[in-house]
Amino acid sequence: MPDAIWFILAAAIVVAFVGGYFARRYVAEFKVADAEKQARRIIEEAAKEAEGKKREALLEAKEEVLKLKNEAERENRERRQELQRMEKRLAQKVEALEAKLERVQKREEELSRKEAKVTDLQTELEKLHQQRLAELEQVSGMTLEQAREALLAEVEKEMQQETAKLIRDIEARAKEEGERRAKEIIASAIQRCAADQVGETTVSVIPLPNDEMKGRIIGREGRNIRAFENLTGVDLIIDDTPEAVILSSFDPVRREVARLALERLVSDGRIHPARIEEMVEKAQKEVDRQIWEAGEQAAFEAGVAGLHEELIKLLGRLRFRTSYGQNVLQHSLEVMRLAGLMAAELGVNVALAKRAGLLHDIGKAVDREAEGPHVAIGVELARKYGEDPEVLHAIAAHHGDEEPQTVEAVLVQAADAISAARPGARRETLEAYIKRLTKLEEIAGSFQGVEKAYAVQAGREIRVMVKPERVDDLAMVRLARDIAGKIEGEMEYPGQVKVVIIRETRAVEYAK
């Protein structure tokens, strides 16, 4: 199409120049005729004026005519020369256009050949693709549709997990602003109240000056040890442990009475049934005094006035009671402080929160002597000794047995969870701890490319070392996500577990 336009344009230019030439020639001839006419008029006028001047005028006219003719001829020559130059340029452009058109035609022919070749290659590739698909279907035992459905199902499952995590993260971020103030209050309360509360649970070890004392404790035909166990209700274990005996009982108060009595008997050296009875009675009075003092001290620290005497005694008994290795009296005091601090920050009834926090586990003082859970026992004891209904409700709701209806009940519930769950408050059994660490390492080691796995930070982090030649940098991200997903699906654990993938390549050489 562009070549045709160029050709038309060239033709138009030629026509324009030819037309211009003939126009100028016509103008020149017209001027010559006009000049002749004027000359004749001058001659006639000159003839009228004077016969003498006729010849002169005629000569002048002829000279003028000649001059005009020369000028016209000169202009015509210039026009012809210009037209010749234009024709020459036009011929050159036509030649260039023809050469360009020839090149374009050759290029079109070449493109046509290449297009045909590409079409053949596409056909061949399509055949190879179909052949590979057939081979893959034969090897995998699935059709293309089945493979696509299986892949989509796997991707859908993975995306569902990712979507669930994303939704959980979004919800957490949405709640973050609302929980910020609560976290500040809780963190401040924990920092101000955290203390060591872990103690022994079921046994007490009594040191002896020598192993001969074991025989004296047993007595003739075992009468001393039988009298001691009958009076205290505690098992006295005498084994191969050098210079020591063990007191075993689930009742911490009885175990404390037995410990005091046995230590005094060993110190005194006189061990017989009558002396044992005397020492047990004194030890009982001593423990009762300690219980009363511990209860009064706890009420004083809490700033709680008007407690019934029996409630004070029950509070004192909690000094010898443990729960998962956590001293219950210290736990109750910590819950009291936490609830009071949070109540002060929120502007609610601080006295009520502290009173309910102090008494929330009062049922554990006698839970081995009464039937039922310690929450129900505690509610009955508090009701029996005249506590306020709001305190009863807080005690009943602190483990979720009832739905909290007051802010103070919610604070006692939160403080109890904080005190029990914070690091160092309770002691985990060694067996459960080892099992969790072992399970973490087993899960990490079950994946391809993992060389070693170590559970650290008390099971809060798993460090996985991979083989660099089998796991590249991109595969590390997917491996970490897969391990975390398997841990979430197969294990139960507090808090969160951090998965760290370590990939390292070293080159070592020695200069000798």
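Before going into details, it helps to say that this report is about the structure given with it. (Residues numbered from 1 in each chain as written. Predicted model: local features only at pLDDT ≥ 70, side-chain atom pairs only at ≥ 80, totals over all residues. Heavy atoms only, no water.)

**Notes on the overall build of the protein chain**
Logical step 1: Across its full length, the protein chain carries 15 helices and 8 strands.
Logical step 2: Here the analysis covers contacts within the protein chain between residues at least 6 apart in sequence; of these, 63% occur between residues at least 24 apart.
Logical step 3: Only carbon and sulfur atoms are counted for the fraction: they give 53% of the accessible area of the protein chain, which is about 33600 Å². (Helix = DSSP H or I, 4+ residues; strand = E, 2+ residues; numbered from the N terminus. Contact = heavy atoms within 4.5 Å. Areas by Shrake-Rupley, 256 points an atom, 1.4 Å probe, with all protein chains shown as cover.)

**Notes on the packing of helix H7 (residues 273-302) against helix H8 (residues 309-317)**
Logical step 1: Packing of H7 against H8 leaves a shortest axis separation of 7 Å and a crossing angle of 100°. Considering the angle they form, H7 stands roughly perpendicular to H8. In this structure, H7 uses Ile291, Trp292, Ala294, Gly295 and Glu296 to contact H8, whose residues at the interface are Glu309, Ile312, Lys313, Leu315, Gly316 and Arg317.
Logical step 2: In the contact of H7 with H8, the residues fall into 5 nonpolar, 2 polar and 4 charged. (Axes fitted to C-alpha atoms, helices over the stretch in contact; angles between N-to-C directions. Parallel < 35°, antiparallel > 145°, perpendicular 65-115°, else oblique. Nonpolar A, V, L, I, M, F, W, Y, C, P; charged D, E, K, R; others polar.)

**Focus on helix H10 (residues 350-359)**
Logical step 1: Burial runs high along H10: 7 of the 10 residues are buried.
Logical step 2: The complete set of buried residues in H10 reads Leu352, Ala353, Arg355, Ala356, Gly357, Leu358 and Leu359.
Logical step 3: The residue sitting at the N-terminus of H10 and contributing the capping side-chain oxygen is Asn349; that oxygen lies 3.2 Å from the backbone nitrogen of Ala351. (Buried < 20%, exposed > 50% of the residue type's maximum accessible area, 1.4 Å probe, protein only. Polar contact = N/O pair within 3.5 Å; in protein donor to acceptor, adjacent residues only side chain to side chain.)

**Quick notes on the environment of Val366**
Logical step 1: Looking at where Val366 falls in the secondary structure, it is placed in the loop between H10 and helix H11 (374-384).
Logical step 2: By relative accessible area, which is 14% here, Val366 ends up buried.
Logical step 3: Between the C-alpha atoms of Val366 and Ile377, which are 11 residues apart in sequence, the distance is 8.0 Å.
Logical step 4: With residues near it in sequence (within four places) discarded, Val366 still touches Leu314, Arg317, Ile377 and Leu381.

**Examining the nonpolar core**
Logical step 1: Residues Leu307, Leu314, Leu315, Leu318, Leu358, Leu359 and Ile362 are the most contacted members of the largest nonpolar core, which totals 43 residues.
Logical step 2: Every element with two or more residues in this core is listed here: H7, H8, helix H9 (328-346), H10, H11, helix H12 (389-397) and helix H13 (407-421).
Logical step 3: If one sorts the elements of this core by residue count, H9 sits on top with 9 residues.
Logical step 4: Once residues within four sequence positions are removed from consideration, Leu359 is found in contact with Leu307, Leu315, Glu387, Val391 and Ile395.
Logical step 5: Phe228, Ile271, Ile276 and Phe320 belong to the second largest nonpolar core, which has 26 residues in total. (Core = buried A, V, L, I, M, F, W, Y, C linked by side-chain atoms within 4.5 Å.)

**Quick notes on H7**
Logical step 1: The end-to-end C-alpha separation of H7 is 43 Å, in line with the 44 Å expected for 30 residues at 1.5 Å each.
Logical step 2: Phi turns positive, to about 70°, at Gly303, one or two residues after H7. (Expected span 1.5 Å × (residues − 1).)

**What about the environment of Glu293?**
Logical step 1: Among the structural elements, Glu293 can be located in helix H7.
Logical step 2: Taking C-alpha positions, Glu293 is 9.8 Å from Leu315, a pair spaced 22 residues apart along the chain.

**Some details on the packing of H7 against H9**
Logical step 1: With their axes 10 Å apart at the nearest point, H7 and H9 run at an angle of 15° to one another. Relative to H9, the element H7 lies roughly parallel. In this structure, H7 meets H9 at a crossing whose hand is right-handed. Seen from H7, the contacting residues are Ala294, Ala298, Glu301 and Ala302; seen from H9, they are Leu329, Leu333, Met336 and Arg337.
Logical step 2: A breakdown of the residues in the contact of H7 with H9 according to their chemical character gives 6 nonpolar, no polar and 2 charged. (Left-handed = near helix turned anticlockwise from the far one by under 90°.)

**With respect to the sheet that holds strand S7 (residues 461-466)**
Logical step 1: Reading across the sheet, the 3 strands line up as S6-S7-S8 and stay open at both edges, with mixed pairing between neighbours. Since the sheet does not close on itself, it has two edges, and those belong to strand S6 (450-456) and strand S8 (498-502), each with one partner. Averaged over all adjacent pairs, the angle separating strand axes in this sheet is 20°, with direction ignored.
Logical step 2: Across 6 bridges, the pairing between S6 and S7 is antiparallel. Bridged to Val456 within S7 is Glu461.
Logical step 3: Relative to S8, helix H15 (residues 473-490) is tilted by about 150°, and along the sheet it contacts S6, S7 and S8. (Pairing = 2+ DSSP bridges.)

**Topic: a nonpolar patch on the surface**
Logical step 1: A cluster of nonpolar side chains, Leu151, Val155 and Met159, forms an exposed patch at the surface whose accessible area comes to about 270 Å².
Logical step 2: Examined against the element boundaries, Leu151 turns out to sit in helix H3 (residues 144-193).
Logical step 3: The class for Leu151 is exposed, based on a relative accessible area of 51%. (Patch = residues over 30% accessible without salt bridge, like charges linked within 9 Å, V, L, I, M, F, W, Y side chains within 5 Å. Salt bridge = Lys/Arg side-chain N within 4 Å of Asp/Glu carboxyl O.)

**A short note on the environment of Gly316**
Logical step 1: Within the secondary structure, Gly316 is located in helix H8.
Logical step 2: Gly316 gets classed as buried once you look at its relative accessible area, which sits at 0%.
Logical step 3: Residues Gly316 and Ile362, spaced 46 residues apart in sequence, show a C-alpha to C-alpha distance of 9.9 Å.
Logical step 4: Ignoring sequence-local partners within four residues, the contact set of Gly316 consists of Ile291, Ala294 and Gly295.

**Observations regarding the pairing of S8**
Logical step 1: On S8, burial follows the alternation: Val499 and Ile501 on one face are buried, whereas Lys498, Val500 and Ile502 on the facing-out side are not.
Logical step 2: Relative to S8, S7 runs parallel, the two sharing 5 bridges. Across the sheet, the residue bridging to Ile462 is Val499, located in S8.

What is shown is where atoms sit, not what they do.
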